[in-house]
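Each chain is listed here by its residues.
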Amino acid sequence: MKYSINIMAAMAALAVTMLFAGCSAVTTPYPLSTQSKPVDKERFEGTWQGGEGTVSVRFASNGVARLAGAEWKDEQFRLIQGEMIVAEGKKDNFISVRFEENGAWTNRYFFLQYKFTDNGDLILWGPNIDEFEAAIRSGMLQGVVTKKKNTTSISVTNAPGELLDFMNDPERRTLFNYREPMVLRKIAAPDTSAPGAGEH
């Protein structure tokens, strides 16, 4: 999978953000939750903008959101689709996102911590690579660390509930990059006028 998308700049479109290669990443083979009635569903649905990109979010009846964004490449737009699953923790909430590759869903999920502001903006924080690497090397988390010349890829293999509890520990306040938030603003509510649009 080869994408030339910068994780911080391209989070301008949520679906596009985590489609990258040549960048360090923390992933898990499982979504952090399988809730059929996700928290914040109504707040997520709609079209979001960050930087120059936009992404649309709608939830299916099984509680899994579908994402759709576009990338300008080779002088044409390319549609990028993803799945997003919301996980509610004891203290913080998270999203797990995966994407299609060659017509099939990948078996790795990127995850982010999120929070909505009082005016409805969506703030996202990506994982701190060094902190997750240290947690795996010390045995606090299970997983695999793969280092290349300029990148580090981390796959956390703990069960979703274990990882969610680990990230919700109030003493672990350095697991995410709070100094580098990604902010998205909703520019349109979901269209409920089309037939079946309100059936989730």
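Scope of this entry: the structure provided in the associated data block. (Residues numbered from 1 in each chain as written. Predicted model: local features only at pLDDT ≥ 70, side-chain atom pairs only at ≥ 80, totals over all residues. Heavy atoms only, no water.)

## Focus on the overall build of the chain
So, step 1. Counting secondary structure elements, the chain contains four helices and 12 strands.
So, step 2. Residue burial in the chain is summarised as follows: out of 200 residues, 47% are buried.
So, step 3. Partitioning the contacts of the chain with sequence separation of at least 6, the portion at a separation of at least 24 is 58%.
So, step 4. Total accessible area computed for the chain in this model is approximately 10600 Å², and 47% of it derives from carbon and sulfur atoms. (Helix = DSSP H or I, 4+ residues; strand = E, 2+ residues; numbered from the N terminus. Buried < 20%, exposed > 50% of the residue type's maximum accessible area, 1.4 Å probe, protein only. Contact = heavy atoms within 4.5 Å. Areas by Shrake-Rupley, 256 points an atom, 1.4 Å probe, with all protein chains shown as cover.)

## Section: the pattern of salt bridges
So, step 1. One pass over the full model with this rule turns up nine salt bridges.
So, step 2. Across the pair Glu45 and Arg58 runs a salt bridge whose closest N-O atoms are separated by 3.3 Å. Placement of the pair is Glu45 in the loop between helix H2 (41-44) and strand E2 (46-50) and Arg58 in strand E3 (residues 53-59), with a sequence separation of 13 residues.
So, step 3. Residue classification places Arg58 among the partly exposed residues on the basis of a relative accessible area of 25%.
So, step 4. The partner of Arg173 in a salt bridge is Asp92, with the nearest N and O atoms 3.2 Å apart. Of this pair, Arg173 sits in the loop between helix H4 (160-167) and strand E12 (182-188) while Asp92 sits in the loop between strand E5 (76-88) and strand E6 (93-101), and the two are 81 residues apart along the sequence. (Salt bridge = Lys/Arg side-chain N within 4 Å of Asp/Glu carboxyl O.)

## Topic: the packing of aromatic side chains
The geometry of an aromatic ring pair is captured by two quantities: the separation of the ring centres and the angle between the planes.
So, step 1. A complete count under the given rule lists 11 aromatic pairs for this structure.
So, step 2. On the basis of an interplanar angle of 65° and a centroid distance of 5.4 Å, the ring pair of Trp125 and Tyr178 is categorised as edge-to-face. Remark: Tyr178 occurs in the loop between H4 and E12 and Trp125 occurs in strand E9 (residues 122-125); sequence separation between them is 53 residues.
So, step 3. Judged by relative accessible area, which is 28%, Tyr178 ranks as partly exposed. (Phe/Tyr/Trp six-rings, centres within 6.5 Å; stacked < 30°, edge-to-face > 60°.)

## Focus: the nonpolar core
So, step 1. Counting residues in each nonpolar core, the largest one holds 22 residues, and the members touching the most others are Phe44, Val57, Met84, Ile95, Tyr114, Leu122 and Leu124.
So, step 2. Within the residue set of this core, elements represented by two or more residues are E3, strand E4 (65-73), E5, E6, strand E8 (109-116), E9 and E12.
So, step 3. At four residues, E8 tops the list of elements feeding residues into this core.
So, step 4. Discounting chain neighbours no more than four positions away, the residues touching Phe44 are Val39, Val57, Phe59, Met84, Val86, Ile95, Tyr114, Phe116, Leu122 and Lys186.
So, step 5. By size, the runner-up hydrophobic cluster in this structure holds 21 residues, among which are Ile154, Leu163, Phe166 and Met167. (Core = buried A, V, L, I, M, F, W, Y, C linked by side-chain atoms within 4.5 Å.)

## Overview of H4
So, step 1. Here H4 has its buried residues at Leu163, Leu164, Phe166 and Met167. Seen from one end, H4 has its buried residues packed into an arc of 160°, which puts them on one side.
So, step 2. Packing partners of the buried residues in H4 comprise strand E1 (25-28), E5, E6, E8, helix H3 (129-137) and strand E11 (152-156). (Arc of directions from axis to C-beta.)

## Things to note about the environment of Pro160
So, step 1. When you line up the elements, Pro160 lands in helix H4.
So, step 2. When the C-alpha atoms of Pro160 and Thr28 are compared, they prove to be 8.6 Å apart, with 132 residues separating the residues in sequence.
So, step 3. If near-sequence neighbours (up to four positions away) are discounted, Pro160 is found in contact with Tyr30, Pro31 and Leu32.

## Remarks on H3
So, step 1. Taken together, the buried positions of H3 are occupied by Ile129, Phe132, Glu133, Ala135 and Ile136. One side of H3 holds all its buried residues, which, seen down the axis, span an arc of 160°. Of the exposed residues in H3, those oriented more than 90 degrees away from the buried face are Asp130 and Arg137.
So, step 2. Residues of H3 that are buried in the fold lie against E1, E8, strand E10 (143-147), E11 and H4.
So, step 3. Its side-chain oxygen placed 3.1 Å from the backbone nitrogen of Asp130, Asn128 serves as the N-cap of H3. (Polar contact = N/O pair within 3.5 Å; in protein donor to acceptor, adjacent residues only side chain to side chain.)

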